Amino acid sequence: MHGLAFDIAHMLAGFLVLTSFMMLYQDRLSALINALAIQAAVLGASVAWQAVIQEAPHLYITALLALVFKAVVIPMALRRIIRQLGIHREIETVGGTGLTMLAGIGLVALALQVVLPVTAGSDAVAREDIALALSVVLLGLLMMVTRRNAVSQVVGFMSLENGIVLAATGARGMPLVVEISVAFSVLIAFIVVGIFLFRIRERFDTVDVQALDRFRGERR
Amino acid sequence: MIADLALQGVQMALVLLLAPLLTGFVRTLKARLLRRRGPPLLQPYRDLWRLLGKEAIVADSASWLFRAAPYLVFAATWVAAALVPTYATGLIFSWSGDLIAITALLGLARFAQTLAGLDVGTSFGAIGTSRELMIASMAEPAMIMIAFIVSLVAGSTQLSAIAAVMLTYEIGLRVSLAMALIALIIVALAENARIPVDNPATHLELTMVHEAMVLEYSGRHLAMIDLASSVKLLLYASLLACLFAPLGLAPLGSGLAAHLVGLAAYGAKVTGIGVMLAVFETSIAKMRVFRVPGFLGAALMLGFLGTILLFVSRSL
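Presented here is an overview of the structure given in this document.

Before going further, it helps to examine the interface of chain A and chain B. The partner chain B presents 21 residues to the 24 residues of chain A that form the contact. Carbon and sulfur atoms make up 77% of the surface buried where chain A meets chain B, a total of about 2100 Å² over both sides. It is A:H10, A:Y25 and A:I105 that lose the most area in chain A upon contact with chain B, and together they represent 24% of the buried surface on that side. Applying the counting rule to chain A against chain B returns zero salt bridges. Where chain A packs against chain B, one counts zero residue pairs in polar contact (both at pLDDT 80 or more).

All names here are of chain B. Checked against the element boundaries, V120 lands in the loop between helix 4 (99-119) and helix 5 (123-154). It is 7.7 Å that separates the C-alpha atoms of V120 and S63, two residues lying 57 residues apart in sequence. If we ignore the near neighbours within four places in the chain, the residues touching V120 are A59, S61, F66 and E216.

The next thing to look at is the packing of helix 4 (residues 97-118) of chain A against helix 5 (residues 124-146) of chain A. Residues and elements named next belong to chain A. Where helix 4 contacts helix 5, the axes come no closer than 8 Å and their chain directions differ by 145°. The hand of the helix 4/helix 5 crossing is right-handed. Contacts from T100, A103, G104, L107, V108, L110, A111, L112, V115 and L116 in helix 4 reach R127, I130, A131, L132, L134, S135, L138, L139, L142 and T146 in helix 5. Its residues assigned to classes, the contact of helix 4 with helix 5 comprises 15 nonpolar, four polar and one charged.

Further remarks concern the pattern of salt bridges. Residue and element names in this part refer to chain B. This structure, assessed with the given rule, holds eight salt bridges over all chains. D47 is the partner of R50 in a salt bridge, and the nearest nitrogen-oxygen pair spans 3.5 Å. One end of the pair is R50 and the other is D47, both in helix 2 (residues 43-53) and three residues apart, which spans about a single turn. Judged by its relative accessible area of 46%, R50 is partly exposed. Linking E191 and K232 is a salt bridge whose minimum nitrogen-to-oxygen distance equals 3.4 Å. Note that E191 is positioned in helix 7 (residues 175-191) and K232 in helix 9 (residues 219-244), a separation of 41 residues in sequence. For the pair formed by E191 and K232, the shared burial category is buried. Each of R110, E132, E140, E191 and K232 takes part in salt bridges that share partners, so that together they form one network.

With that settled, consider the packing of aromatic side chains. Residue and element names in this part refer to chain B. The final tally for this structure, using the stated rule, is two aromatic pairs over all chains. Taken together, a centroid distance of 4.2 Å and an interplanar angle of 5° make the contact between F66 and Y217 stacked. In this pair, F66 is assigned in helix 3 (residues 64-82) and Y217 in the loop between helix 8 (210-213) and helix 9, connecting sequence segments 151 residues apart. Judged by relative accessible area, which is 1%, F66 ranks as buried. Given a relative accessible area of 6%, Y217 falls into the buried group.

Before going further, it helps to examine the environment of B:D226. Residue and element names in this part refer to chain B. With respect to the helices and strands, the residue D226 is situated in helix 9. Its relative accessible area of 31% is what places D226 among the partly exposed residues. Setting aside anything within four residues of it in sequence, one finds D226 in contact with L48 and L51.

Right, let's talk about unusual backbone geometry for a bit. Most peptide bonds take the trans configuration, and most residues that are not glycine carry a negative phi. Residues and elements named next belong to chain B. A positive phi angle is found at R35, which is not glycine, with a value near 60°. As for its placement among the helices and strands, R35 is situated in the loop between helix 1 (2-33) and helix 2. Exposure remark for R35: the relative accessible area of 80% places this residue in the exposed category.

Looking now at helix 3 (residues 58-85) of chain A. Residue and element names in this part refer to chain A. Compared with an ideal rise of 1.5 Å per residue, which puts 28 residues at 40 Å, helix 3 spans 39 Å between its outermost C-alpha atoms and is within 8% of the ideal. When the local axis directions of helix 3 are compared, the greatest deviation, roughly 25°, occurs at V73, which is followed within four positions by the proline P75. At the exit of helix 3 stands G86, carrying a positive phi of roughly 70°.

Now for a nonpolar patch on the surface. Residues A:L64, A:L67, A:V68, A:V72, A:V73 and A:M76 make up a contiguous nonpolar surface patch of roughly 510 Å² in combined accessible area. With respect to the element layout, A:V72 can be found in helix 3.

Cut-off values and rules
- Residues numbered from 1 in each chain as written.
- Chains lettered and ligands numbered in written order.
- Predicted model: local features only at pLDDT ≥ 70, side-chain atom pairs only at ≥ 80, totals over all residues.
- Heavy atoms only, no water.
- Contact = heavy atoms within 4.5 Å.
- Buried area = accessible area lost by both parts, 1.4 Å probe.
- Salt bridge = Lys/Arg side-chain N within 4 Å of Asp/Glu carboxyl O.
- Polar contact = N/O pair within 3.5 Å; in protein donor to acceptor, adjacent residues only side chain to side chain.
- Helix = DSSP H or I, 4+ residues; strand = E, 2+ residues; numbered from the N terminus.
- Axes fitted to C-alpha atoms, helices over the stretch in contact; angles between N-to-C directions.
- Left-handed = near helix turned anticlockwise from the far one by under 90°.
- Nonpolar A, V, L, I, M, F, W, Y, C, P; charged D, E, K, R; others polar.
- Buried < 20%, exposed > 50% of the residue type's maximum accessible area, 1.4 Å probe, protein only.
- Phe/Tyr/Trp six-rings, centres within 6.5 Å; stacked < 30°, edge-to-face > 60°.
- Expected span 1.5 Å × (residues − 1).
- Bend = angle between axes of the 7 residues up to and from the residue.
- Patch = residues over 30% accessible without salt bridge, like charges linked within 9 Å, V, L, I, M, F, W, Y side chains within 5 Å.
- Areas by Shrake-Rupley, 256 points an atom, 1.4 Å probe, with all protein chains shown as cover.

Read these as spatial facts, not as claims about activity.
Below, the structure written as structure tokens:
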């Protein structure tokens, strides 16, 4: 079989997918944000392990960025937002959690089916990381599609971005500048989204995006 | 051959003798955690003895099925328990039945019990049966997925062979096994009607599942059903111990010393599982019935995910 290096990378990437499913399962906002923080912490560990096995010290900076911004700063800010908006209630989901989870399993299978044949011949760790990273990205998208609450859509977006970072670190030779700029652009996107949340709330008295459907213009 | 048969016989007797003790232990410990005195440790034995001496009252509308079901339930559960290695591997019956056979035997027991629950035609029996089947429809696929994960890792569905593979360090770190462990714990809680899914101590009509199904039973029939549930609890404890903590299991053809070590380790493992069960049950509230599919769905999802991850790491 493979060595311990592969096993640990496999375990961390697997946990990352698992935390994505944890998020799909949660229907309370505060628990959802905790799950996001756990995912970011696992991502930090995963990136740090990539730094060890690839002997690429700059990846430690990426790991640190993931740990500080995504596991601490963004969850804290999100918690502040939901406290200020006063929404600790349940999230309404489109379809039940059971159906969403089944769809998620399907997406994971799809991601593996797509990535594994395409990357045949390259390094085992990279192949697996990219396959699981695509699963995390798809699960983040699924989260954004199935939730109506704007805050949980933001959480879905953050988890999608975690998947992108995993893919970027799995592939060797991603320059540090790109990673840092991605990390900061996500932070800026987060700030913009946070402002939008309050604007939506001010105008519609809710962060349920169904309230926006009236303004799409495709209905009569 | 005689020695093998004797080993199998000893383990079957051990399971039967120890099962009420585990039930009593968990009950006593739960009472102590709630700062009650609780029943004495040996109370389940006394209950069984008392029930065996009592007259069995059968409803007028009951058919032969109602009378036969308790024995069938007990027999199927006991045979399933005989296939799980307790303190020594290499059971002679183990070669005729594997993890999937155990699941099937437990399914047979459930089938008999639900038929008997519907047989009398009371509303309690019907509501208990429908809930039990709803739980089973999620728990059994999850159990099969767990069997797949474990057998993909070990290359066999034989419990003795799996335990032997788990004892070696070739396995390395496997996230799928962690998922299988969590899924198996969830399935075990659901199958044994423990707290987040069902409350074993309640006779409150709105919440009960298992107790509603067996409400019509009395006397020796009830004794058989109670003993079967105790054996089932011990079966799952043994299964958890054998799959995920096989340390100390006496291998095939080992001497007396290894068997004594195995017995001591088995006692410690089952005690540990009993303590964890009691602590878990006192620290958590029962779920609404309609939340249960989500809880068991998590087990099923873990099973699926673990299998998929195993396929990935295999194909690389």
